[in-house]
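In case you want the letters, here they are:
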Amino acid sequence: MTSTSTAPAPEPTLYIDGKWVHSKSRHTRTIINPFDNSAITTIDEACAEDAEAAIVSAKKFFDTSDWAHKKCAERCPLLQKVADLLQRDKEIIAEIETKDTGKTLTESRIDVDDVTAVFRYYAEEALKLDAEKQIAGEGIPETVNSRTVHDPVGVCVLIAPWNYPLLQICWKVAPALATGNAVIMKPSEVTPLSTIYLTKLLIEAGFPTGSLHLLTAGGASVGPTLTEHRDVDLVSFTGGLDTGRRIIQSCAGTVKRCTVELGGKNPNIVFSDCDLDWAIDNVVTAVFLHSGQVCSSGARLIVEESIADELIAGVVEKARHIKMGNGLNPESETGPLVSAAHLAKVEEYVKIAKAEGAKLLVGGSRPDPIAHPELSNGFFFLPTVFDRCERSMRIVREETFGPILTVERFKDGDEEHAIFLANDTKYGLAGGVQSKDVARAERVARRLRHGSVWTNTYGSYTPRAEWGGFGLSGNGRELGSKGLDEYIETKHMWTENKPVKVGWFKGQGPLLKPKL
Ligand code: TXE
């Protein structure tokens, strides 16, 4: 959670035109540790004038330097260097991320390893773009050299959310820089600290002045300037649906490229042939990791009737024993929600679910402050399970982004109904299919209208494969080779090696006099 003030920031946190600077507005923001509501530090709150300065710097650099015209092979060693630096400072970064987000140190370390892999992957994948693609065949004279080449898009604004701050910004910045763009990073105002640190590493790695900018600010402070500006060529956004819609509208005026990842309401189908213990572990991990603040979390359990009661009882029991605590404590299995505002949102969804008739089986509140005084200052919320959920309920249809599992059942053997329920969402980011019957699992997985589908597991990803959603989960893809394509323009070059006169206009028509 954060709040704005005019207390000075100890160090400038805006990086514009190769310099660390304070905000022109002199406004600042206090960054809060969600574990105990204590202040971690104070950072600059950028304003529209700062955003304008970052755009001017990025545009000037993009237009006048040779950065955009270099081969990827010349830029990619810088990405490898960033990967090395991330590993060198892994423990420092993990601690920053844990204090800022509340997630466990184990998760933060995994995030650092994951983004290291992202930088290494794009350092190699981008090299493929250096090769020109020759276009030959019917309709192309032999005297012509026809080929496609790749250019960077230009000035790219990268807007990240608070649940995976380091990871989400790296998914964007690694392909954007590999392909020669000039970037302006805007982390979430709730969790900007790891992105400030990352910026220092990118500078240390040697990315040139002007290729890199950082604005720490709330969306309202700089959002419209960044997304409406005619000199911004691309906006890549990850965050909530409502904000995503606003950003797409802002980009429309200048027809800029805009990719959005907007979360999900993800089904996890469990068939009755699963080993019970295994299925309990699968369901609990899919939904309660990082207190449910995961865009792909398996928040909707869709379970075959004959296993349902036993499975749910096991899930409830396991949920009761999840060890919540300070992410810095190695014994903690999960941390708090990210902010007081988010806690209030999750509490509101519990009220809504109860009013809609869902049956609360466990959780549904903050931990008891008498039994757990160590959690009472933080934004903790108990792992929660609702049974008797109907597809029409808001708790089933809307993303709570909290530790809340809803349960829907389907009749034994009614595979079609399971698929229907799983696809009955406006979102389409991710889903799971759990069954020992491999042929059935594959059949069902193929039918799911979701961007990532896991069979007999949940949640894994690799930088080598695309990530993104169907439906209202967004457009475009991050990661994989398509994640690189988001940041390039494809240019067709047609070169005639033996020029001949075209002779279309023969000069034999009547004299066309201009009307004066
Ligand atoms: O995100 P916002 P919020 C979902 C989740 C959550 C809900 C709202 O359900 O409860 O979104 O979260 C910046 N122009 N996800 O309100 O507002 C903002 O500063 C430009 C899903 O915290 O979408 C931040 O950097 N930028 C999700 C980023 O947008 C603007 C992850 C995300 O903030 C802006 C997080 C504007 N007008 C939440 N307004 C996922 N897809 O993984 C805000 N921002």
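Quick look at the structure, then. (Residues numbered from 1 in each chain as written. Predicted model: local features only at pLDDT ≥ 70, side-chain atom pairs only at ≥ 80, totals over all residues. Heavy atoms only, no water.)

With 5 of its 5 residues buried, strand 14 (residues 300–304) lies for the most part within the structure. Residues Arg300, Ile302 and Glu304 of strand 14 are buried on one face, and the alternating residues Leu301 and Val303, pointing to the opposite face, are buried as well. The pairing of strand 13 (residues 267–270) with strand 14 spans 4 bridges and is classified as parallel. Bridge pairing links Pro267 to Arg300 in strand 14. Crossover connection from strand 13 via helix 9 (residues 276–288) to parallel strand 14: handedness right-handed. (Buried < 20%, exposed > 50% of the residue type's maximum accessible area, 1.4 Å probe, protein only. Helix = DSSP H or I, 4+ residues; strand = E, 2+ residues; numbered from the N terminus. Pairing = 2+ DSSP bridges. Right-handed = clockwise from strand over helix to strand, strands pointing away.)

It is possible for side chains of opposite charge to pair when their charged atoms get near one another. In the structure shown here, the tally under the stated rule is 31 salt bridges. When the shortest N-O distance is used, the salt bridge between Lys70 and Asp66 registers 3.9 Å. By relative accessible area, Lys70 is classed as partly exposed at 27%. Exposure remark for Asp66: the relative accessible area of 48% places this residue in the partly exposed category. Among the salt bridges present, the one from Glu189 reaches Lys186, with a minimum N-O distance of 3.8 Å. For Glu189, a relative accessible area of 23% puts it in the partly exposed group. Here Lys186 falls in the buried class, since its relative accessible area comes to 4%. Ionic contacts of the salt-bridge type, sharing partners, join the residues Glu305, Asp309, Asp387 and Arg409 into one network. (Salt bridge = Lys/Arg side-chain N within 4 Å of Asp/Glu carboxyl O.)

Here we come to the site of the ligand. Neighbouring residues of the ligand: 25 residues in total, closest Ala160, Trp162, Glu189, Lys345 and Glu399. Contact between the ligand and Glu189: an oxygen atom at 2.5 Å from a side-chain N or O atom of the residue. A distance of 2.7 Å separates an oxygen atom of the ligand from a polar side-chain atom of Glu399. Broken down by secondary-structure element, the contributors of at least two residues to the shell around the ligand are helix 7 (219–228), strand 11 (234–238), helix 8 (241–252) and helix 11 (340–356). Grouping the amino acids of the shell around the ligand by side-chain chemistry returns 10 nonpolar, 10 polar and 5 charged. (Near = heavy atom within 4 Å. Polar contact = N/O pair within 3.5 Å; in protein donor to acceptor, adjacent residues only side chain to side chain. Nonpolar A, V, L, I, M, F, W, Y, C, P; charged D, E, K, R; others polar.)

All right, on to the nonpolar core then. Within the largest apolar cluster, 95 residues are counted, with the highest numbers of intra-cluster contacts made by Phe119, Met185, Leu202 and Phe207. For this core, the leading source of residues is helix 5 (residues 165–178), giving 10 residues. Sequence-distant contacts of Phe119, defined by excluding residues within four places in its chain, comprise Leu79, Val82, Ala83, Leu86, Cys170, Val173, Ala174 and Leu202. (Core = buried A, V, L, I, M, F, W, Y, C linked by side-chain atoms within 4.5 Å. Contact = heavy atoms within 4.5 Å.)

Put plainly, two cysteines are in a disulfide when a covalent bond ties their sulfur atoms together. Overall, the coordinates contain 0 disulfides when judged by the stated rule. The thiol of Cys72 is not disulfide-bonded; the next cysteine sulfur, from Cys76, is found 5.4 Å away. (Disulfide = S-S within 2.5 Å.)

What follows deals with the packing of aromatic side chains. Across all of its chains, the model carries 12 aromatic pairs by this definition. Ring plane angle 75 degrees and centroid distance 5.4 Å describe the contact between Phe271 and Phe410, whose orientation is recorded as edge-to-face. Placement of the pair is Phe271 in the loop between strand 13 and helix 9 and Phe410 in strand 17 (residues 404–410), with a sequence separation of 139 residues. Across the pair, Phe410 and Phe271 agree in class, each one buried. Centroid distance Tyr461 to Trp467: 6.4 Å. Interplanar angle 70 degrees. Geometry classified as edge-to-face. (Phe/Tyr/Trp six-rings, centres within 6.5 Å; stacked < 30°, edge-to-face > 60°.)

All right, on to the sheet that holds strand 20 (residues 488–496) then. To summarise the sheet geometry, strands pair through backbone hydrogen bonds and adopt either a parallel or an antiparallel arrangement. Spatially, 3 strands are ordered 6-7-20 in an open sheet, and the strand pairing comes out antiparallel. The sheet is open, and its two edges are formed by strand 6 (133–134) and strand 20, each paired on a single side. Sheet topology places strand 7 (residues 144–152) next to strand 20; 9 bridges connect them, and they run antiparallel. Within strand 20, the position partnered with His150 by the bridge is Thr490.

Among the 7 residues of strand 17, 6 are classified as buried, and the element is accordingly described as predominantly covered. The pairing of strand 16 (residues 384–387) with strand 17 spans 3 bridges and is parallel. Across the sheet, the residue bridging to Phe386 is Thr406, located in strand 17.

Before going further, it helps to examine the environment of Thr148. Note that Thr148 resides in strand 7. Residues Thr148 and Ile135, spaced 13 residues apart in sequence, show a C-alpha to C-alpha distance of 7.4 Å. When sequence neighbours within four positions are dropped, the list of residues in contact with Thr148 reads Glu132, Lys133, Ile135, Thr490, Lys491 and His492.

Phi at Asp17 takes a positive value of approximately 55 degrees, unusual for a residue other than glycine. By secondary structure assignment, the location of Asp17 is in the loop between strand 2 (14–16) and strand 3 (19–21). Positive phi is not limited to glycine here, since Arg388 has a value of about 55 degrees. Mapped onto the elements, Arg388 comes out in the loop between strand 16 and helix 12 (394–397). The exposure class assigned to Arg388 is exposed, which follows from its relative accessible area of 53%.

The description of two packed helices rests on the angle between their axes and on the distance between the axes. Contact pair helix 4 (residues 105–125) / helix 5: the axes reach a minimum separation of 9 Å and the direction vectors enclose 15 degrees. Between helix 4 and helix 5, the angle falls in the class roughly parallel. For the pair helix 4 and helix 5, the crossing hand works out as right-handed. Contacts between helix 4 and helix 5 involve Asp111, Val112, Asp114, Val115, Val118, Phe119 and Tyr122 from the first element and Leu166, Leu167, Cys170, Trp171, Val173, Ala174, Pro175 and Ala178 from the second. (Axes fitted to C-alpha atoms, helices over the stretch in contact; angles between N-to-C directions. Parallel < 35°, antiparallel > 145°, perpendicular 65-115°, else oblique. Left-handed = near helix turned anticlockwise from the far one by under 90°.)

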